[in-house]
Amino acid sequence: GANAELREPLKTYILGYAFGLIPQLLGQQIAADIQLERQEGLGNAAVAAMIVTNVLLDFLFVAVQDKGVWGLALATSLANWVYFLIVAQYYFRPKAQLKPSVKLIAWNETAEMLKIGFPNALLVFCLAARSLVINRLLLVHAGGDGLSALSAFNMISGLILSVALGSGALVRILTSVFLGENNREGILTLFRLIFSKVLGLMAVIAVIEILLSPVLAAMFFPEPASEAYRLTKQLFFIYGFAIPLTLVCLSYSSYCQAAGFRLFVNILSITDGFFSMVIPALLLAPRLGALGVWLSFPLGLLITLAVSMAGPILHYKRWPKGPEEWLMMPEDFGTGNHLVLHLRKMEDLTRTAETVQGFCGENGLAGRTGAHAGRVVLRIKDDCIPFDPNEWYSMTSVSKDDPFRNVGIRLVYAIAREVEYQNLLGLNVLTIQL
């Protein structure tokens, strides 16, 4: 939508920005990997270095060397490279569990991976299309001041929504883990946390943004009498009411993506990414100008929320009962005979042993009859230092010096059908099938 005056500088900026696209994409992938292994320090250091690099190079290229738009774009690209080079160090650490290798590429999984990732790509495409429409509406009905106000908002919207974005990523990761573990209670606990503590935090952020809307607007347009200041203040104020809704919509769509509701997620991506905001904006902007566009933010999220709720309602052909049905959990997911125990102090050990013995007795697993039972899965999680029993068992099996060395691990392996160890999100996860 650039006019003749802006077209050439925009082309220059796109060219300079293109040099940083590859490290930006790779850096995003590595960021997800280091999040799995709780390497927050490395991620935070990379973000800090990227910000400092971008600011310093902006000053150097623009203020000192007078490179203009080309300098701004190049500074961003080089900052992306700095971020990528820092986070890429993770793969070279001895304890890194996720390491790229050409030999490990599973080409037969390509189609499945594309299906899993398609909703995100579709959402990004819809957001780009939405931006074109919204920008054009602002230019027609609010002029350059309206577009400037939106640009100012976009500069810090990522910071405002960082908690919601982080929660969405966390929901995707943990839902995937809990689905693999057939852990019904884990998913329910996750959403109880999201819709209580995290939603409360988002409400606090929303109130802060509403109260500080004049301050936020003054950061970009210091003259209170200007139209740009008025529109920017108005946008920050109105968007504050949309912040909690962002968390709800993003968390639910992230869950649906991880749970494999692909058609529904694609519908949500199109709705949230384009139609939910564009339709209200097209209706309101001709009458209200920039205010109509600003109102389309919360209205669009309400539309997305309504579509999200329609999924479970259509699935059950009635109003869902309880959180399990709102999450469209299969009836047999996480059901059956299972026992979940939490050990937080030494005194819990004795009580745990008694509870386990009682559980085994109730389910025909006590005494000799237990040896003839079906599959039994024992899963142990802790947040201690990484400990892979497979390594200790391997060392024991090749050692002939001491037949009693690591005898406990050897006894477990003697009766186990399969032993699997992972370290995810800073947790040791040991799964033993008997």
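In the block above lies the structure referred to throughout.
Small disclaimer: the values here were computed from a predicted structure and weren't measured.

A. The arrangement of the overall build of the chain in detail. Regarding its fold elements, the chain presents 17 helices and three strands. The buried share of the chain, taken over its 434 residues, is 35%. Intrachain contacts of the chain at a sequence separation of at least 6 include 68% that bridge at least 24 residues. Here the chain displays about 25600 Å² of accessible surface, and carbon together with sulfur accounts for 66% of that area. Here the chain contributes 33 positively and 32 negatively charged side chains, and the mean placements of these two sets differ by 4 Å.

B. Quick peek at the pairing of strand E3 (residues 427–433). Within E3, six of the seven residues are buried, which leaves it mostly tucked inside the rest of the structure. With six bridges connecting them, strand E1 (residues 377–382) and E3 associate as antiparallel partners. Within the sheet, the bridge partner assigned to leucine 378 lies in E3 and is isoleucine 432. Direction of pairing for strand E2 (residues 418–424) relative to E3: antiparallel, over a ladder of seven bridges. Bridge assignment links asparagine 423 to a residue of E3, and that residue is asparagine 428. Where E2 folds back onto E3 in an antiparallel hairpin, the turn is made up of two residues, including leucine 425, whose phi is positive at roughly 55°.

C. How the structure looks around the side chain of threonine 53. When you line up the elements, threonine 53 lands in helix H3 (residues 40–64). A polar atom in the side chain of threonine 53 sits 2.7 Å from the backbone oxygen of alanine 49. Contact partners of threonine 53, with chain neighbours within four places excluded, come to Ala79 and Val82.

D. Geometry of the packing of helix H6 (residues 143–160) against helix H10 (residues 227–240). Remark: H6 packs on H10, axes separated minimally by 8 Å, with the N-to-C direction vectors making an angle of 40°. It follows that H6 is oblique to H10 by the angle criterion. The handedness of the crossing between H6 and H10 is right-handed. Here Asp145, Gly146, Ala149, Leu150, Ala152, Phe153, Ile156 and Ile160 of H6 come into contact with H10, specifically with Glu227, Ala228, Leu231, Thr232, Leu235, Phe236 and Tyr239.

E. Looking closely at the sheet that holds E1. Strand order in this open sheet of three strands is E1-E3-E2, and the pairing throughout is antiparallel. The open sheet terminates on both sides in strands that have one partner only, identified here as E1 and E2. Pairwise comparison of adjacent strand axes, ignoring direction, gives a mean angle of 15° for this sheet.

F. How the structure looks around the nonpolar core. Ranked by size, the top nonpolar core spans 54 residues in total, and within it Ile134, Leu150, Ile187, Tyr255, Trp294 and Leu327 carry the most contacts. Secondary-structure elements contributing two or more residues to this core are helix H5 (110–141), H6, helix H7 (162–180), helix H8 (184–211), H10, helix H11 (243–259), helix H12 (262–288) and helix H13 (290–316). No other element matches the eight residues that H8 contributes to this core. Not counting the four nearest positions on each side in its chain, tyrosine 255 is found in contact with Val171, Thr175, Ile187, Phe191, Phe261, Leu327 and Met329. Residues Ile30, Ala46, Ile86 and Tyr91 belong to the second largest nonpolar core, which totals twelve residues.

G. Focus on the packing of aromatic side chains. Under the defined criterion, the tally for this structure stands at 16 aromatic pairs. With centroids separated by 6.3 Å and ring planes inclined at 90°, the aromatic side chains of phenylalanine 19 and tryptophan 70 adopt a geometry described as edge-to-face. In this pair, phenylalanine 19 is assigned in the loop between helix H1 (4–18) and helix H2 (21–36) and tryptophan 70 in helix H4 (residues 68–87), connecting sequence segments 51 residues apart. Each residue in the set Phe191, Phe195, Tyr252, Tyr255, Phe261 and Phe264 is aromatic and connected to the rest through ring pairs, giving one cluster.

H. Broad picture of H4. Taking 1.5 Å per residue, 20 residues should reach 28 Å; H4 reaches 29 Å between its end C-alpha atoms and fits that length. Taken together, the buried positions of H4 are occupied by Gly71, Ala73, Leu74, Ala75, Thr76, Ser77, Ala79, Asn80, Tyr83, Phe84, Ile86 and Val87. Elements that come into contact with the buried residues of H4 comprise H1, H2 and H3.

I. The arrangement of the layout of surface pockets in detail. Within this model, the second largest pocket holds a volume of roughly 550 Å³. As for the second largest pocket, its lining consists of 19 residues, of which Pro100, Ser101, Leu104, Ile105 and Met113 are closest to the centre. Counting only elements with at least two residues in the lining of the second largest pocket, the list comes to H2 and H5. Considering every element that reaches the lining of the second largest pocket, the biggest residue donor is H2, with four residues. Grouping the amino acids of the lining of the second largest pocket by side-chain chemistry returns 13 nonpolar, three polar and three charged.

J. Highlighting the pattern of salt bridges. Here the structure, examined in full by the defined rule, presents nine salt bridges. The partner of lysine 11 in a salt bridge is glutamate 8, with the nearest N and O atoms 3.4 Å apart. Taken together, the residues lysine 11 and glutamate 8, both in helix H1 and three residues apart, mark about one turn of the helix. Taking the relative accessible area as the measure of exposure, lysine 11 reaches 49% and is therefore partly exposed. Judged by relative accessible area, glutamate 8 falls into the partly exposed class, the value being 48%. Two residues, aspartate 348 and lysine 345, come together in a salt bridge whose shortest N-O distance is 3.7 Å.

K. Examining unusual backbone geometry more closely. Despite not being glycine, aspartate 66 shows a phi value in the positive range, around 55°. Assignment of secondary structure puts aspartate 66 in the loop between H3 and H4. Judged by relative accessible area, which is 64%, aspartate 66 ranks as exposed. Its identity as a non-glycine residue notwithstanding, lysine 317 has a phi of 55°, on the positive side. Along the polypeptide, lysine 317 turns up in the loop between H13 and helix H14 (322–326).

L. Broad picture of the packing of H5 against H6. Look at H5 against H6: their axes get within 6 Å of each other, and the N-to-C directions meet at 140°. Between H5 and H6 lies a crossing whose hand is right-handed. Listed contacts from H6 to Ile134, Asn135, Leu138, Leu139 and His141 of H5 are Gly143, Gly146, Leu147 and Leu150. Of the residues that constitute the contact of H5 with H6, the class distribution is five nonpolar, four polar and no charged.

What counts and how
Residues numbered from 1 in each chain as written. Predicted model: local features only at pLDDT ≥ 70, side-chain atom pairs only at ≥ 80, totals over all residues. Heavy atoms only, no water. Helix = DSSP H or I, 4+ residues; strand = E, 2+ residues; numbered from the N terminus. Buried < 20%, exposed > 50% of the residue type's maximum accessible area, 1.4 Å probe, protein only. Contact = heavy atoms within 4.5 Å. Areas by Shrake-Rupley, 256 points an atom, 1.4 Å probe, with all protein chains shown as cover. Lys, Arg positive; Asp, Glu negative; His and termini not counted. Charge placed at Lys NZ, Arg CZ, Asp CG, Glu CD. Pairing = 2+ DSSP bridges. Polar contact = N/O pair within 3.5 Å; in protein donor to acceptor, adjacent residues only side chain to side chain. Axes fitted to C-alpha atoms, helices over the stretch in contact; angles between N-to-C directions. Parallel < 35°, antiparallel > 145°, perpendicular 65-115°, else oblique. Left-handed = near helix turned anticlockwise from the far one by under 90°. Core = buried A, V, L, I, M, F, W, Y, C linked by side-chain atoms within 4.5 Å. Phe/Tyr/Trp six-rings, centres within 6.5 Å; stacked < 30°, edge-to-face > 60°. Expected span 1.5 Å × (residues − 1). 1 Å grid on protein atoms, 1.4 Å probe; cavity = no way out; pocket = protein on both sides within 12 Å on 5 of 7 lines; lining within 4 Å. Points joined across faces, edges and corners; volume = space filled by probe spheres on them. Nonpolar A, V, L, I, M, F, W, Y, C, P; charged D, E, K, R; others polar. Salt bridge = Lys/Arg side-chain N within 4 Å of Asp/Glu carboxyl O.

That's the geometry; what it means functionally is another story.
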